[in-house]
Amino acid sequence: MKTLDTAPAPGVTRRTAPAQGARSSRRRAGWWVAATVPAFMAAVVLSICIGGQPSSLQDAWHAVFTPDGSVMDVTIRELRWPRTVLGIVAGICLGLAGTLVQGHTRNPVADPGLLGINQGAALAIVAATALVGDVPVLTQAGLAFVGALAASILVFAIGSAARHGSTPVTLVLAGAAVTALCSGLVAGIVLLNDEALDTLRFWQVGSLAGQGNVASMVWPFIVVGTALAVFNIRPLNALALGADTAVSLGISVFRARAAGIAAVTLLAGSAVTLAGPIAFAGLLVPHLTRALTGPDYRLLMPVSAVTGATVLLLADTAGRIIARPGELSVGVVLAVIGAPFFIHLARKRRLATL
């Protein structure tokens, strides 16, 4: 009798073990999420302190809070600090856009470029260069945003024209078609116009240097895109269970996807405008974040924003270290480091599936 009294009932064991496992998983996720903030702060400090001429934490503190006009103060305040802020903003945009596009297309290898954003921006720049000649940097930024916006609108319009409306498959196919079209037009223009080729060659590398004045152009679009991303969290959690389940929960699939694609367009278009077509950030960051937080977009979305900023700052800082006293573009560093790392992630089935 004593053994029977003290032994747990089978039903109780079956109910409590999953709950304990879920609590343990949430606790581990909470620790990982908390670790992203110190990592982000460390990336900011490294970005400010490391450059062609190294500086200390004391130099950075002096330049930010008690500047006296020294060479290091000017370097930090006018070069490194604006570049760091630009990296944070572009990283947040790419992290959110990558998470949104993977969620809406249900494609683990999707990135914002899947919607034709990068090639649309490139087409606008090379077409303008071929027509009017050399285009100033600020004008290039505006053209990049317009081209990215036009390409993504075209993708969504084509994807929504299907009999059953926009679906992950139609969006992916429309994105591939528009991307191929824009790529072909870009190739044709640069073959016929050397000036357009030179402009494209320098723009498509992607860089955070010397782009601080562009941020004033796109901040309203970043704010709107971020707000749409936040409002898209609940629909994405529902859509992860399937379109039919989302409808039964009161979610309008068309409105959810329209809002999501609009957010991707504004955020990725802003990132392309700020820093050029930086490869792998929008692809890699959602996978890294999903490994830390799990599939719940209430955690996945904000942590993707922080992780995107951290990854971009670290890549930019690494480029300054590797090629000192010069520097490697952040786009080059991310491509070289991100490609093998993503292959490693893709081999883990748990991280590669959505």
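Residues numbered from 1 in each chain as written. Predicted model: local features only at pLDDT ≥ 70, side-chain atom pairs only at ≥ 80, totals over all residues. Heavy atoms only, no water.

1. A word on the packing of helix α3 (residues 57-65) against helix α4 (residues 71-105)
Across the interface, α3 lies against α4 with an axial gap of 9 Å and an inter-helix angle of 75 degrees. Relative to α4, α3 is oriented roughly perpendicular. For the pair α3 and α4, contact is made by D59, A60, H62, A63 and V64 and by M72, D73, I76 and R77, respectively. Partitioned by chemical class, the residues of the contact of α3 with α4 number five nonpolar, one polar and three charged. (Axes fitted to C-alpha atoms, helices over the stretch in contact; angles between N-to-C directions. Helix = DSSP H or I, 4+ residues; strand = E, 2+ residues; numbered from the N terminus. Parallel < 35°, antiparallel > 145°, perpendicular 65-115°, else oblique. Contact = heavy atoms within 4.5 Å. Nonpolar A, V, L, I, M, F, W, Y, C, P; charged D, E, K, R; others polar.)

2. Points about the confidence of the model for the chain
Residues with a pLDDT of 70 or more make up 86% of the chain, whose mean pLDDT is 82. Element-level pLDDT for the chain is lowest in helix α1 (residues 2-6), with a mean of 47, against a maximum mean of 91 in helix α14 (residues 297-322). Contacts from residues 1-18, a stretch scored under 50 in pLDDT, to residues over four places away or in other chains number two contacts. (pLDDT = per-residue confidence, 0-100.)

3. Some thoughts on the nonpolar core
Counting 63 residues, the largest nonpolar core has L100, W203, I278, L312 and L334 as its most contacted members. With 10 residues, helix α12 (residues 253-275) is the largest single contributor of residues to this core. Excluding residues that lie within four positions of it along the chain, L334 makes contacts with I278, A279, F280, A281, V311, L312, A315 and A339. V44, A63, I88 and L313 belong to the second-largest nonpolar core, a separate cluster that totals 12 residues. (Core = buried A, V, L, I, M, F, W, Y, C linked by side-chain atoms within 4.5 Å. Buried < 20%, exposed > 50% of the residue type's maximum accessible area, 1.4 Å probe, protein only.)

4. Quick look at the side chain of Q140
Tracing the chain through its elements places Q140 in helix α6 (residues 137-160). If we ignore the near neighbours within four places in the chain, the residues touching Q140 are I125, V135, T199 and W203.

5. Things to note about the packing of aromatic side chains
What characterises a pair of aromatic rings is the spacing of the ring centres plus the angle enclosed by the ring planes. Following the criterion strictly, the structure yields three aromatic pairs and no others. Aromatic side chains W61 and F65 sit 4.3 Å apart centroid to centroid with 40 degrees between the ring planes, which places their arrangement in the tilted category. Note that W61 and F65 are positioned in helix α3 at a spacing of four residues, about one turn of the helix. When its relative accessible area of 57% is taken as the criterion, W61 is described as exposed. The exposed category is assigned to F65, whose relative accessible area is 52%. Between the aromatic rings of F145 and F221, the centroid separation amounts to 4.4 Å while the plane-to-plane angle is 40 degrees, which identifies the pairing as tilted. Here the residue F145 occupies a position in helix α6, and F221 occupies one in helix α9 (residues 215-231), the gap between them amounting to 76 residues. (Phe/Tyr/Trp six-rings, centres within 6.5 Å; stacked < 30°, edge-to-face > 60°.)

6. Quick look at α6
Here α6 contains 24 residues, and its C-alpha end-to-end distance of 35 Å stays within 8% of the 34 Å for a straight helix at 1.5 Å per residue. Taken residue by residue, α6 has Q140, A141, G142, A144, F145, G147, A148, A151, S152, V155, F156 and G159 as its buried positions. On its buried side, α6 packs onto α5 (117-132), α7 (168-192), α8 (194-203), α9 and α12. (Expected span 1.5 Å × (residues − 1).)

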